[in-house]
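Notes for the structure review
Here is how the chains run, residue by residue.
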Amino acid sequence: MTTEITPEITPEPTPETPAGTPTTRKTVLITGTSSGIGLAAAVAAARAGWHTVATLRDTGRADALLKAAEEAGVAGLVQVKRLDVTDAASVTGCVAEVVAEHGRLDAVVNNAGAGSVGTVEQQGMEPVRSAMEVNYFGVVELTRAALPHLRASGGRVITVTSVGGVVGQPFNEAYCAAKFAVEGFMESLAPVAATVGVTVTVVEPGAVASEFVTSLRLDVPAMLAGAGPYAPALKAYIERTTRSFAGAQSPEEAAAPIIAALTAERPPFRVQTSQWAGDFVAPKLADLDGSAVQGLTGGWVR
Ligand code: NAP
């Protein structure tokens, strides 16, 4: 059973409480909030009373976020900052700024990510490396930078992985490998972080109706024309995936378990964002919520 915690509500910083004065309102930093799950999570976190540092690699793309925050009546709790997860200086600089301004950091949500469709023989190495940079090294970089502050606050690391972080999917070698890497990293970190009061959660969506597919900018006819012996398999994969995205959940639905992980007293290590996602990973995972593995390895460090 989980218990909800209400963040302490205090006035926002004013000229009387200038930047640098520690606030008592809990502060969360979320990556990739220009659209989709990150945008929905930023608005929902603010609605839950958190001071929300909504980060984007291009702050010129914050309009949709700011409009949604305004409509939800929480614009005053959403602060936009630049953070590109592939740029180490922007990651460490952003964390330092947040701590300097608010005196605390209670949670990070590693949400930024990008897909990659193809097979390695034809893709070559560049997309494989680039999928790792965004989806894996970016997560490691931010987690590393945040941990000293999360130790101080008894905070949490929440990371959006994917059902593709558990089940490898055709033509998703680069993406799934990166998400598998994140899952392994977080599963290893969780018992160690627990010894210093930091909780770690991975959130696994299935198909979500976000900008995820559009951002891939796939030229399907050109891909099929260039796929050679893989063309029939690629065609079948694209047809099947198009059908599955017709039943995609909304970003708000996918963001709900993020907010639950942010506010629950004892968040699970692993959570799927829909029944479909749970059913999809279940054949592979005997340990759906991660409690069995955490119980197993937690004993090594206690
Ligand atoms: P989305 O709408 O495309 O959002 C992805 C976000 O990540 C965007 O804000 C994007 O910013 C940002 N981003 C990409 N590269 C970045 C970088 N280098 N630095 C900082 N931000 C960067 O897709 P989404 O579905 O909400 O994706 C959110 C997370 O869910 C990702 O980790 C994804 O892998 C995961 N996921 C999605 C699905 C799905 O079906 N949609 C399924 C499983 C898991 P720009 O606007 O600048 O590109």
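Here the structure is a predicted model, which is why all the values come from computation and not from measurement. (Residues numbered from 1 in each chain as written. Predicted model: local features only at pLDDT ≥ 70, side-chain atom pairs only at ≥ 80, totals over all residues. Heavy atoms only, no water.)

Moving on, we get to the site of the ligand. Surrounding the ligand, one finds 30 residues, the nearest of these being S34, R57, R61, Y175 and S210. The separation between an oxygen atom of the ligand and a polar side-chain atom of S34 is 2.6 Å. Within the contact set of the ligand, an oxygen atom lies 2.8 Å away from a backbone nitrogen or oxygen of I37. Contact with the protein chains removes 95% of the 890 Å² of surface that the ligand exposes when unbound. Only α1 (36-47) and α6 (173-194) provide two or more residues apiece to the shell around the ligand. Class assignment for the residues of the shell around the ligand results in 12 nonpolar, 13 polar and 5 charged. (Near = heavy atom within 4 Å. Polar contact = N/O pair within 3.5 Å; in protein donor to acceptor, adjacent residues only side chain to side chain. Areas by Shrake-Rupley, 256 points an atom, 1.4 Å probe, with all protein chains shown as cover. Helix = DSSP H or I, 4+ residues; strand = E, 2+ residues; numbered from the N terminus. Nonpolar A, V, L, I, M, F, W, Y, C, P; charged D, E, K, R; others polar.)

It is worth spelling out the pattern of salt bridges at this point. This model, assessed by the stated rule, comprises 11 salt bridges. Note that K67 and E71 form a salt bridge whose closest N and O atoms lie 3.2 Å from each other. Of the two residues, K67 and E71 are both situated in helix α2 (residues 63-71); the distance of 4 residues between them amounts to about one turn of the helix. Comparing K67 with E71, the two get one shared label, exposed. Residue E265 is joined to R266 by a salt bridge in which the shortest nitrogen-to-oxygen separation is 3.7 Å. Judged by its relative accessible area of 54%, R266 falls in the exposed class. Connected through shared salt-bridge partners, E183, E187, E204 and R270 make up one network. (Salt bridge = Lys/Arg side-chain N within 4 Å of Asp/Glu carboxyl O. Buried < 20%, exposed > 50% of the residue type's maximum accessible area, 1.4 Å probe, protein only.)

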